[in-house]
Every structure is written in structure tokens, then in C-alpha cells.
Amino acid sequence: MKPTTLSHLRQWKQEQRKFATITAYDASFAQLFEEQGIKVLLVGDSLGMTLQGHDSTLPVTVADVAYHTRAVRRGAPASLLLADLPFMSYATPELACQSAAEVMRAGANMVKIEGGSWLCETVKMLVERAVPVCGHLGLTPQSVNVFGGYKVQGRDELAAKQLLIDAQNLELAGMQLLVLECVPTELARQVTEALSIPVIGIGAGNATDGQILVMHDALGITGGHTPKFAKNFLAQGGDIRGAVQLYIREVEQGIYPDEAHSFN
Ligand code: KIV
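The paragraphs below set out a description of the structure included in this document.

Definitions and cut-offs
- Residues numbered from 1 in each chain as written.
- Predicted model: local features only at pLDDT ≥ 70, side-chain atom pairs only at ≥ 80, totals over all residues.
- Heavy atoms only, no water.
- Helix = DSSP H or I, 4+ residues; strand = E, 2+ residues; numbered from the N terminus.
- Buried < 20%, exposed > 50% of the residue type's maximum accessible area, 1.4 Å probe, protein only.
- Near = heavy atom within 4 Å.
- Polar contact = N/O pair within 3.5 Å; in protein donor to acceptor, adjacent residues only side chain to side chain.
- Areas by Shrake-Rupley, 256 points an atom, 1.4 Å probe, with all protein chains shown as cover.
- Nonpolar A, V, L, I, M, F, W, Y, C, P; charged D, E, K, R; others polar.
- Salt bridge = Lys/Arg side-chain N within 4 Å of Asp/Glu carboxyl O.

### Here's the deal with unusual backbone geometry
At step 1: For the bond running from Y256 to P257, omega is 0°, close enough to zero to count as cis.
At step 2: Within the chain, A130 stands out as a residue other than glycine whose phi angle is a positive 75°.
At step 3: Within the fold, A130 resides in the loop between helix 6 (120-128) and strand 5 (133-138).
At step 4: Phi at C182 is positive, roughly 50°, even though this residue is not glycine.
At step 5: For C182, a relative accessible area of 5% gives the class buried.

Below is the structure:
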């Protein structure tokens, strides 16, 4: 299988071809996702909640992410593999370089970091040192204590304007991909249209270039709380392979997320 690269994602954006991505934390699921046709995988720090049972992503370490990145890379050799830099591991540009080195050596193709314009210097430094960067704006789970919970972001005019400015600043600094989490559909549309890089949404409506889901949400293993945007693709019967194919099809055809799984 030919490896997926950032050039493919840029081309899909130009062609307005929507794409589905998903989190993965181990070799078996990574292999299954790649075999079913998912081309982009994320080793998310959501592993702190889904695998480790914490109530936030804050306890996750760079070593945790590197461990799971190695496993996912073995299972999915051709996927474009993103790895999260966890809480405080990119508090300064120098720290970001050290943390990025660890997850890139583990097999990641790109790192994802959460935050706005304050990260421009970090993005520039990473990109100059050959580490591609995916940004993450909107509901950034590492900031849960600042937000006072897992709440939709960018709802008022000022916050929406700031988010758009942050996205543009980060693109100028060298960011090559953006994840937008839990923002109103209209704001996600504006950001997606304003940027020339691909934008991947989660709880951000269906106007973004791609979608991402935490694999547990896509398979209905959501524990106590199911986020509004989560959809259990296993619920219609069939097996995990069928559920992944359904997820890909619904994203590519713009069926998922519908209004019931979005914020307005
Ligand atoms: O950690 C994660 O899984 C993520 C996704 C929710 C995008 O950041």
C-alpha cells in the first residue's frame, strides 16, 4: 500500500473530497482501520480517558504517546500518523522539540498541539526542524480546567473572531493541518474556507474537509457520557469492519455528521 502523505490531504481539499480519520492506540485496530480504507490515524491523548480510565487527558505523558505510536505504526505502516503532544509537553518551544523528537522517533509523521496564536513560535520552530504540525482549536481538552468543563467553544462573536484569527496566524506560522473540536457548524465552515490547509472536524459540523472520531465513540464504547457528535456505527448491526466502512462512507458522502450530531 502506498503511504498517505500531507500532499494527498491537500489534494483532497482542493478536490473537495471529504475524508474520514479516527484515533488508534494499538496495532490490531490500526491494522483493521488501514485495511478498511482509513488513511489518517491519530494517537490521541484521549488514550488517558479511553485506555487509562482518567477523567481528563492531563495525566498522559510523552512516553505514553510514544508507546502507543510505536504499536500503531507497526499495525498501519502506510497511514499518515499523527501523535498528540500531551499536556505541558510543549509549554516552551524547546520542550516541544524534545517531545516531538520522541514521538517522531516512535513512528509519527506529524505532531498535534492544542492552542491558539501563543503557539506560533513553537509551530515555526518545529516546522523548521522538520516536524510537521497539526493545530487543534475550539474545545481543546487539555484546557478543561480553564473552560470549566467540556463545553462548545466559539459560540459568541468575539470568541468566533478570535478562533478564526488564531487559525490564520497558525497557518502563517507553518501549521499544515488543523483539528477543530466542538464549535458551531457555521464557524467551522468559515475557518475551513479561510484556510488553504485541510481542516478536520469533530463536533464541528459537516463543512470541514475531514472528520475525526475517537474510535471508542465510533464503536459505541462511550462509558457514562456520550458526546452529542458521537455516533455508534456498530449500532446498525454487523461487525467492526462494517462499522468502519459505514463511517468512511457517511463522511465521504457528507451524511455524517448531520444536524443531530452538530452544534448550531
Ligand atoms: O486526543 C484525541 O483523541 C483528539 C481527538 C478528539 C481529535 O485530540
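### Examining the site of the ligand
At step 1: In the vicinity of the ligand lie 13 residues, with G44, D45, S46, D84 and K112 positioned nearest.
At step 2: A distance of 2.5 Å separates an oxygen atom of the ligand from a polar atom in the side chain of S46.
At step 3: One of the side-chain nitrogen or oxygen atoms of D84 is found 3.1 Å away from an oxygen atom of the ligand.
At step 4: Taking 260 Å² as the accessible area of the ligand by itself, protein coverage stands at 96%.
At step 5: Partitioned by chemical class, the residues of the shell around the ligand number five nonpolar, four polar and four charged.

### Section: the pattern of salt bridges
At step 1: Applying the stated criterion across every chain, the model contains eight salt bridges.
At step 2: Two residues, R129 and E128, come together in a salt bridge whose shortest N-O distance is 3.6 Å.
At step 3: Between E186 and R189 there is a salt bridge, and its shortest N-O distance comes to 3.2 Å. Highlighted residues: E186 and R189, both in helix 9 (residues 185-194), separated by three residues, approximately one helical turn.
At step 4: With relative accessibility at 32%, the residue R189 sits in the partly exposed group.
At step 5: Among the charged side chains, a salt-bridge network with shared partners connects K124, E128 and R129.

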